[in-house]
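Topology and contacts: notes
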Amino acid sequence: MAEAEYYFIGVDVGTGSVRAALVNINGKILAVKVKPIKTWNPKPDFYQQSSEDIWQSCCEVIKEVKKSVPKDKIKGIGFDATCSLVAVDGAGSSVSVSPDGNAEQNIILWMDHRAEKQANFINSLGHNILRNVGGKISLEMELPKLMWLKENLNSQCWKKTEKFFDLPDFLTWKATGCDTRSLCSVTCKWLYEVNSDGQGGWNKNFLERIDLAELADNNFIKIGSVIKQPGEPCGTGLKADIARVLDLLEGTAVATSIIDAHAGGLGLIGCHAASISQSITSRLPLVCGTSTCHMAVSKEAVFVNGVWGPYWSAMVPGLWLNEAGQSASGCLLDHIISTHPASSKIKLEEGQHIVGYLNTLLKKIASRNGKLVDVLTKDIHVLPDFHGNRSPLADPTMKGMICGLSLSTDEEQLAILYLATVQALAYGTKHIMEKMVEEGHETFSSVLVCGGLSKNPLFVKTQANVSLMPVLVPHEAESVLLGAAILGATASGIYDSVLSAISSMAGKAEVISPEDTLQR
């Protein structure tokens, strides 16, 4: 079979939509299909989804994206998803996680902050296992949420649930019927412990300390006992009934899954450009969407207060991963723009996005005043922690702040406030980088970006100017989908390792250099 006849499907379940991509053996994305998914927000800090809604959406986009290719040419499927908690009963049906008992809503979304009290309790124990999450567990992780369910929905949810999944693992279970869990999910979000030899396990002592000892019953059947690295095959591939639904061949390889940000890291970290260091341990991939995740790999374990990890082989096999992040980035910019009085008054041309309008307006303001765009914010400053600080302060109770407001509410004031928010996010990334290097990580040589914010030239240029290093933007913009497809390619056996697939499928990148004319 000629190389051009091999294809893979990458499936990404993000916060607001499911996407699928058809990808060839060279990493070229040939088609993308998207379907929105539902989120319920029944009260402040509660965000819930439906696994049935998400799975049906996955089936639809997979069927659509593969229409142009014969089913026997699809060799592998890779799934990624947000690190959200799924509850199902013994029949695989939804178990409600909602206070109002809505049976459809069986997922606690990653950004749900209901478990603050439980996270604080875990952190008060000072258990050694917390060293693996920068000293503090996040209320966005799964164990605080499980504690909340046991304490608040004991009969409705806790006692009825036979399996708790991280959403990426739920998807591979639905596709294959094989109940294996991804090393990425369980180490990064469930505090599963593993060393550099690949040996690990659940910490029973810790589960007892947080009153979740029953999760160890029947060989950890509720949370998983068979753990695989991302890209390893799940069972024997697509089971027959799912293959019929998807119009694919039974047994088509399905890869052990990965968290969405980590898929983006995989798709990003191997992209290359002339004169830019190819050492993946000196690169910092930024996966920018609703939130931003900062994914750094190293040859040795590096412990950083306020930064998750180190996690062995959670993203790139054989390397340790540190994961930092900003809980609100894309959604923060949306909030700043949409809540400003001038926003509704701006008349956009057909097809024009308000971000593009504001970027152009900033250039006009700067030109009129004989200034650089960067210095327009000298009198206004933003603290971007509107949804808490994930890294490196690890304080979910922090709030945002805007300093320097006047009585002006016109579109120029909106543009400058928007710019100040972009800069604040870039300085947050700089803070993360400095903290990681201070604690022993290799000095970074470049930043790599993907996701929605990477399509905003002002955001990318600001990252370069603030970090004082080049930013790489891959030509293949959908790095998360590419990362998922890389896993599918690995599981198919066409590539013998994830690293081999990265080497063959990662493409070229555009380099955005920092301005050398700025006074600092």
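Whatever comes next refers back to the structure up there.
For the structure given in this document, a descriptive report is provided here. Residues take numbers from 1 onward in each chain, read along the sequence in its written order. With pLDDT at 70 or above as the cut-off, local features in this predicted model cover only qualifying residues; side-chain atom pairs require 80 or more to be listed or tallied, and sums for whole chains, interfaces and linings still use all residues. Hydrogens and water molecules were not included; the side-chain quantities draw on all heavy atoms of the structure.

**Describing the overall build of the protein chain**
Regarding its fold elements, the protein chain presents 16 helices and 23 strands. The atom set for the radius of gyration is the C-alpha atoms, and the globule formula is 2.2 Å times the number of residues raised to the power 0.38. Against the compact-globule benchmark of 24 Å for 520 residues, the protein chain has a radius of gyration of 22 Å, which places it among compact chains. Dimensions of the protein chain along its principal axes, counting C-alpha atoms only, are 70 × 55 × 45 Å. Exposure classes here rest on a 1.4 Å probe applied to the protein chains alone. A residue is buried below 20% of its type maximum, exposed above 50%, and partly exposed in between. Across the 520 residues in the protein chain, those meeting the buried criterion constitute 58%. The contact criterion used is simple: two residues touch if any of their non-hydrogen atoms lie within 4.5 Å. Considering only contacts in the protein chain between residues 6 or more positions apart, those separated by 24 or more positions represent 70%. For helices the rule is a DSSP run of H or I covering at least 4 residues; for strands it is a run of E covering at least 2, with both sets numbered from the N terminus onward.

**Thoughts on the environment of Lys461**
Secondary-structure assignment places Lys461 in helix α14 (residues 457-467). Along the backbone, Lys461 and Pro514 are 53 residues apart, and their C-alpha atoms lie at a distance of 7.0 Å. Not counting the four nearest positions on each side in its chain, Lys461 is found in contact with Ile512, Ser513, Pro514 and Glu515.

**Here we look at helix α12 (residues 354-369)**
Its 16 residues place the ends of α12 23 Å apart at the C-alpha level, agreeing with the 22 Å of an ideal helix rising 1.5 Å per residue. Buried residues of α12: Ile354, Val355, Leu358, Asn359, Leu361, Leu362, Ile365 and Ala366, and no others. The arc enclosing the buried residues of α12, seen along the axis, measures out at 165°, which places them on a common side. Opposite its buried face, α12 presents the exposed residues Lys363, Lys364, Ser367 and Arg368, each directed more than 90 degrees away. Its buried side turned inward, α12 meets α11 (330-338), α13 (411-438) and α14. At the exit of α12 stands Gly370, carrying a positive phi of roughly 65°. Every helix has an expected span of 1.5 Å times one less than the residues it contains. Of all possible arcs, the one meant is that of the directions from the helix axis to the C-beta atoms.

**Things to note about the environment of Lys378**
For Lys378, the position within the fold is in the loop between α12 and β19 (381-383). According to the relative accessible area criterion, Lys378 is exposed, its value standing at 52%.

**Considering the nonpolar core**
Residues grouped as a nonpolar core are buried Ala, Val, Leu, Ile, Met, Phe, Trp, Tyr and Cys residues, joined through side-chain atoms within 4.5 Å. Core analysis: the largest hydrophobic core is formed by 94 residues, its most contacted members being Ile137, Leu143, Leu146, Leu149, Phe164, Leu212 and Met505. When residues in this core are grouped by element, the largest group, eight residues, is from helix α15 (residues 479-491). Beyond its immediate sequence surroundings of up to four residues, Phe164 is in contact with Leu85, Val86, Ala87, Leu146, Leu149, Trp158, Arg181, Trp190, Lys222 and Ile223. Grouped together as the second largest cluster of nonpolar side chains are 50 residues, Cys288, Val307, Leu358 and Ile380 included.

**Observations concerning the layout of surface pockets**
The rule is simple: put a 1 Å grid over the protein atoms alone, call a set of points where a 1.4 Å probe fits but cannot get out a cavity, call an open set with protein on both sides within 12 Å along at least five of seven lines a pocket, and count a residue as lining if it has an atom within 4 Å of a point. Grid points are joined across faces, edges and corners, and a volume is the space filled by probe spheres set on the points. In this structure, the largest pocket spans a volume of roughly 940 Å³. Lining the largest pocket are 42 residues, and of these Cys288, Gly289, Thr290, Gly451 and Gly452 sit closest to its centre. At the level of secondary structure, the elements contributing two or more residues to the lining of the largest pocket comprise β2 (17-24), α10 (260-269), β15 (283-288), β16 (292-298), α11, β21 (446-451) and α15. Among the residues forming the lining of the largest pocket, the class breakdown is 17 nonpolar, 15 polar and ten charged. Only Asp, Glu, Lys and Arg are considered charged in this grouping, and only Ala, Val, Leu, Ile, Met, Phe, Trp, Tyr, Cys and Pro are considered nonpolar; every other residue, Gly among them, is considered polar.

**Focus: unusual backbone geometry**
Glycine aside, negative phi is the norm for most residues, and most peptide bonds take the trans geometry. Cis rather than trans, the peptide bond between Gly309 and Pro310 has omega equal to 10°. Note that Pro310 resides in strand β17 (residues 308-312). Here Ser391 and Pro392 are connected by a cis peptide whose omega angle stands at -5°. As for its position among the elements, Pro392 is in the loop between β19 and β20 (401-403).

**Points about the packing of aromatic side chains**
A pair of aromatic rings is counted whenever rings of Phe, Tyr or Trp (Trp by its six-membered ring) have centres within 6.5 Å, and the orientation is called stacked for planes under 30 degrees apart, edge-to-face for over 60 and tilted otherwise. Overall, the coordinates contain nine aromatic pairs when judged by the stated rule. Measuring from ring centre to ring centre gives 6.4 Å for Trp190 and Trp202, while their planes differ by 70°; the resulting arrangement is edge-to-face. Here Trp202 lies in the loop between β11 (200-201) and α7 (204-209) and Trp190 lies in the loop between α6 (183-189) and β10 (193-194), a separation of twelve residues in the sequence. Note on Trp190: relative accessible area 2%, which makes it buried. With relative accessibility at 12%, the residue Trp202 sits in the buried group.

**Concerning the sheet that holds strand β7 (residues 107-108)**
With antiparallel pairing, the four strands of this open sheet are ordered in space as β4-β7-β6-β8. Each edge of the sheet is formed by a strand with only one pairing partner; in this case those strands are β4 (48-49) and β8 (163-166). As paired elements, β4 and β7 share two bridges and run antiparallel to each other. In the sheet register, Gln49 faces β7, and the bridge partner there is Ile107. For helices, the fitted axis covers only the stretch in contact; all axes are lines through C-alpha atoms, and the angles between them, taken along N-to-C directions, range from 0 to 180 degrees. Strand contacts of helix α5 (residues 167-176): β6 (85-88), β7 and β8, with the helix running at about 110° to β8, the strand carrying the most contacts. DSSP bridges decide pairing: two strands pair if at least two such bridges lie between them.

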